[in-house]
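Reading the structure
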Amino acid sequence: KHLKERQRLPVVPLGIEREDFYNALEELKEKLDAEHVEVNDKPLRDGWYMEHPNTHDMMTILDEEEFVASAVVYPSTTEEVQEIVKWANKFLIPIFPISMGRNLGYGGAAPRVRGSVTVDLGKRMNKILNINPEDYTCLVEPGVSFYALYDELEKKGLRDYMWIDTPDLGGGSIIGNTVDRGVGYTPYGDHWACHSGLEVVLPTGEVIRTAMGALPGNNTWQVFPYGFGPYCDGIFSQSNFGIVTKMGMTLMPNPGGYESFMYTFPNEQDLAPLIDIIRPLRIASMLENVAQLRHVTQSLAVSGLPRSKFFSGTGPIPEDIVHAEASKSYVGDHTWAYYGMSYGPAHIRAHKLALIDAEFHKIPGCRKIDPSKLPEDEYFWSRDRIAAGIPDIHELRWVNWAPNGSHIAFSPVSPIRGTDATQLFELGKKIHGKYDIDFFPAFCVGLREMHLIVEIVFDRDDPAEKKRALDCLREMVDEAADKGYGEYRTHLVLMDQVAGTYSWNDGALAKFNERLKDALDPNGILAPGRCGIWGKRYRGFGWEM
Ligand code: ADP
């Protein structure tokens, strides 16, 4: 404890002598300037979203020393990334690339293997290499955040011309979010589907450009994502097969107008018929963006007030208290709130909005909220900004629900069907109840599927509360998998478990991933364990959790 307050003894990767590790770092310092290689010997400070640490997860669900880096290195070029990878192979040191490390709820900046050397790409590789207003594309480095790209379009006077797409929180890296298959809320919300072209440093140090990027002299890298031959980009998302140093991204033409709308629905049981109404509208792009259907408990939490303000008892906050408090807001006595946006000039919007209005009103008691009556700092306006590609961080407010508020997500995928929505909702509610945890469900409706996103908010300084949250999550993942539902993305701590649920044909997919891993990364140095994939040097030694 005494040591922790002033200086920590840095962790070293398992199986490497401390002295050998320090000697290896000295060699790395000769390749990069010494100031760009930092040993992690300071107290672990959690900071906050905009000043987050790069050494560990600021919202850790385990002990904070569990997923912790031994050192952090800051490359400035693709060549330096190659040098680092070769160095890691020479000394068999695990390295873990991050772009910016704001991957909150999924592990933040933390490496999966304790003592890994974090390769923080974002700090020095943060250039917007190109914005092409004719093709509506850009080419970025890992340190370019959604805010930074937005600001650059603004600065160049291009904002009226083209939009970016941003996730709920805009401070993260475009590359980091995209390779983890994160989503946003304009029609370009499926970030992975909207990228075009990667530059990747392989785990043995070679560098490749994918798709048209492989053709010398091409001018199509950012406009045709496939090139010729196998489409290999996919293996660099949610994996540990390479370090992405450049990525092309498509940008959306300004649609010529937009309008957010919000409907509320009275009863919990309205969920199933409502989802069945949403499905054909969404697949036909009448509902044009990844929209959200949020439960009233979440509307209360996003006010930013702590739970203790409403309820001091134990167990999930009682429903009558939630409704009584929510009645003071525009949600009134209703249970579900749908946030969407219509794009295009007014006359085009009017047609779509009338259709949506008629469909939504098939749910008895449905209310359309008049935005002009909502105060400026109302959450609705945050959704409005995000659906128009304007980065925001209002969403973070609900972490205040718990003291030292942190969060971790359960995010299963299902078709857009009432029966599936109900089944997942009931599953989540039951298991949250069993562990005395407040339940914050939100359905994010993609094109033909939806993610149910359930964020568990916990006190990161309370080990018992953390254990309950993790036990609850593990039980939900398993029970959902028993019913045929899998996660679209997960936290570091759950990666083995989630990967294990994708087990068809005696784990054939996992075996395929392991073959790729062993071929591409024979020493297993790159992000071991990420997404449940371990190289052969790690397999069978009990690393999985
Ligand atoms: P964000 O900046 O949006 O917070 P992160 O940098 O935390 O995103 O990235 C999320 C995860 O994706 C990281 O933990 C890492 O495993 C992986 N990742 C991020 N950037 C890269 C990259 N450039 N190459 C390979 N993997 C990456």
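Residues numbered from 1 in each chain as written. Predicted model: local features only at pLDDT ≥ 70, side-chain atom pairs only at ≥ 80, totals over all residues. Heavy atoms only, no water.

Once that is clear, we can look at the environment of phenylalanine 67. Structurally, phenylalanine 67 is set in the loop between strand S1 (37–39) and strand S2 (71–73). With residues up to four places along the chain from it excluded, the contact list for phenylalanine 67 reads Thr55, His56, Asp57, Leu62, Ala110, Pro111, Arg112, Leu492, Val493 and Met545. (Helix = DSSP H or I, 4+ residues; strand = E, 2+ residues; numbered from the N terminus. Contact = heavy atoms within 4.5 Å.)

Moving on, we come to the pairing of strand S18 (residues 441–445). Counting buried positions along S18 yields 5 of 5 residues, so the element is predominantly enclosed. Side chains Pro441, Phe443 and Val445 of S18 all project onto a buried face; the interleaved residues Ala442 and Cys444 project onto the opposite face, where all are buried too. Where strand S13 (residues 291–295) and S18 come together, 4 bridges link them in antiparallel fashion. The partner of alanine 291 across the bridge, within S18, is valine 445. Bridge analysis of S18 against strand S19 (residues 449–459) gives 5 bridges, and the strand direction is antiparallel. Each bridged residue has a counterpart across the sheet, and for alanine 442 the counterpart in S19 is isoleucine 453. (Buried < 20%, exposed > 50% of the residue type's maximum accessible area, 1.4 Å probe, protein only. Pairing = 2+ DSSP bridges.)

Now for the site of the ligand. Surveying the vicinity of the ligand reveals 20 residues, the closest of which are Ser99, Arg102, Asn103, Ser173 and Val244. Between the ligand and methionine 100 there is a distance of 2.9 Å, counted from an oxygen atom to a backbone nitrogen or oxygen. Here an oxygen atom of the ligand sits 3.0 Å away from a polar atom, N or O, in the side chain of arginine 530. Within the complex, 96% of the 540 Å² of free accessible area of the ligand lies under protein. Elements with a contribution of two residues or more to the shell around the ligand: strand S3 (95–98), helix H5 (174–179) and strand S10 (243–250). Of the residues forming the shell around the ligand, the biggest block, 4 residues, is contributed by H5. Classifying every residue of the shell around the ligand gives 9 nonpolar, 9 polar and 2 charged. When residues of the shell around the ligand are sorted by domain, at least three fall in each of domain 1 (2–120) and domain 2 (128–253). (Near = heavy atom within 4 Å. Polar contact = N/O pair within 3.5 Å; in protein donor to acceptor, adjacent residues only side chain to side chain. Areas by Shrake-Rupley, 256 points an atom, 1.4 Å probe, with all protein chains shown as cover. Nonpolar A, V, L, I, M, F, W, Y, C, P; charged D, E, K, R; others polar. Domains from an automatic or database assignment.)

We now examine helix H11 (residues 379–387). Where burial is concerned, most of H11 is hidden: 7 out of the 9 residues are buried. Among the residues making up H11, those that are buried are Tyr379, Phe380, Ser382, Arg383, Asp384, Ile386 and Ala387. Positive backbone phi, approximately 75 degrees, marks glycine 389, located one or two places after H11.

Our focus in this paragraph is the side chain of glutamate 487. Of note, glutamate 487 is situated in the loop between helix H13 (463–482) and helix H14 (495–501). Buried charge without a partner: glutamate 487 forms no salt bridge, and the closest opposite charge is arginine 489, 11 Å away. Within the local environment of glutamate 487, its side chain forms a polar contact with the backbone nitrogen of serine 411, the two atoms lying 2.8 Å apart. Apart from the residues within four sequence positions on either side, glutamate 487 is in contact with Phe410, Ser411, Pro412, Val413, Val477, Val498 and Tyr502. (Lys, Arg positive; Asp, Glu negative; His and termini not counted. Salt bridge = Lys/Arg side-chain N within 4 Å of Asp/Glu carboxyl O.)

Here the focus is a nonpolar patch on the surface. Taken together, the side chains of Val223, Phe224, Tyr226 and Tyr231 present a nonpolar region at the surface, about 380 Å² in accessible area. Following the sequence through the fold, valine 223 ends up in the loop between strand S9 (207–209) and S10. For valine 223, a relative accessible area of 42% corresponds to the partly exposed category. (Patch = residues over 30% accessible without salt bridge, like charges linked within 9 Å, V, L, I, M, F, W, Y side chains within 5 Å.)

The next subject is unusual backbone geometry. You will see that arginine 181, though not glycine, has its phi angle at about 55 degrees, which is positive. If you trace the backbone, arginine 181 turns up in the loop between H5 and helix H6 (191–194). Take arginine 181: its relative accessible area is 33%, and that puts it in the partly exposed class. The phi angle at alanine 527 is positive, at roughly 40 degrees, despite the residue not being glycine. Along the chain, alanine 527 falls in the segment after helix H15 (504–520).

Another point: the nonpolar core. Nonpolar side chains in soluble globular proteins generally cluster together in the buried interior. Among the nonpolar cores identified, the biggest contains 84 residues, and Trp87, Ile95, Phe265, Ile278, Tyr338, Phe360 and Phe443 are the most heavily contacted of them. Here this core takes 7 residues from H13, the largest share from any one element. If we ignore the near neighbours within four places in the chain, the residues touching phenylalanine 360 are Phe261, Tyr263, Phe265, Leu274, Ile277, Ile278, Leu281, Leu287, Tyr338 and Cys366. In terms of nonpolar packing, the next biggest core, distinct from the first, is built from 34 residues, Val140, Leu158, Ile174 and Ala388 among them. (Core = buried A, V, L, I, M, F, W, Y, C linked by side-chain atoms within 4.5 Å.)

Taken domain by domain, the chain consists of domain 1 (2–120), domain 2 (128–253), domain 3 (258–490) and domain 4 (502–545). The distance between the C-alpha centroids of domain 3 and domain 4 comes to 35 Å.

With that settled, the discussion passes to the packing of helix H2 (residues 18–31) against helix H3 (residues 78–91). A packed helix pair is summarised by two numbers, namely the angle formed by the two axes and the spacing between the axes. Where H2 contacts H3, the two axes come as close as 11 Å, and the packing angle between them is 160 degrees. Considered as vectors, H2 and H3 are oriented roughly antiparallel to each other. The way H2 lies across H3 gives a crossing that is right-handed. Facing Ala24, Leu25, Glu27, Leu28 and Lys31 of H2, the residues of H3 in contact are Glu83, Ile84, Trp87, Lys90 and Phe91. The class makeup of the residues in the contact of H2 with H3 is 6 nonpolar, no polar and 4 charged. (Axes fitted to C-alpha atoms, helices over the stretch in contact; angles between N-to-C directions. Parallel < 35°, antiparallel > 145°, perpendicular 65-115°, else oblique. Left-handed = near helix turned anticlockwise from the far one by under 90°.)

Here glutamate 288 lies in the loop between helix H7 (271–283) and S13. Within polar-contact distance, the side chain of glutamate 288 engages the side chain of lysine 352 at 2.9 Å. Non-local contacts of glutamate 288, meaning those with residues more than four positions away in its chain, are made with Pro187, Arg282, Met341, Ser342, Tyr343 and Lys352.

What follows deals with the sheet that holds strand S8 (residues 195–201). As summarised here, the arrangement of the 5 strands in space is S5-S6-S10-S8-S9, forming an open sheet in which the pairing is antiparallel. Two strands in the sheet have a free side with no partner beyond their single neighbour: strand S5 (128–132) and S9. Sheet twist, expressed as the mean angle between neighbouring strand axes with direction ignored, is 10 degrees. Of the strand pairs in this sheet, S5 and strand S6 (residues 137–140) are connected by 4 bridges, and their pairing is antiparallel.

So, about the environment of glycine 242. Residue position: glycine 242 is located in the loop between S9 and S10. Along the chain, glycine 242 and glycine 205 lie 37 residues apart, while their C-alpha atoms are 9.2 Å from each other. Beyond its immediate chain neighbours, meaning those up to four positions away, glycine 242 contacts Val200, Val201, Pro203, Phe236 and Leu526.

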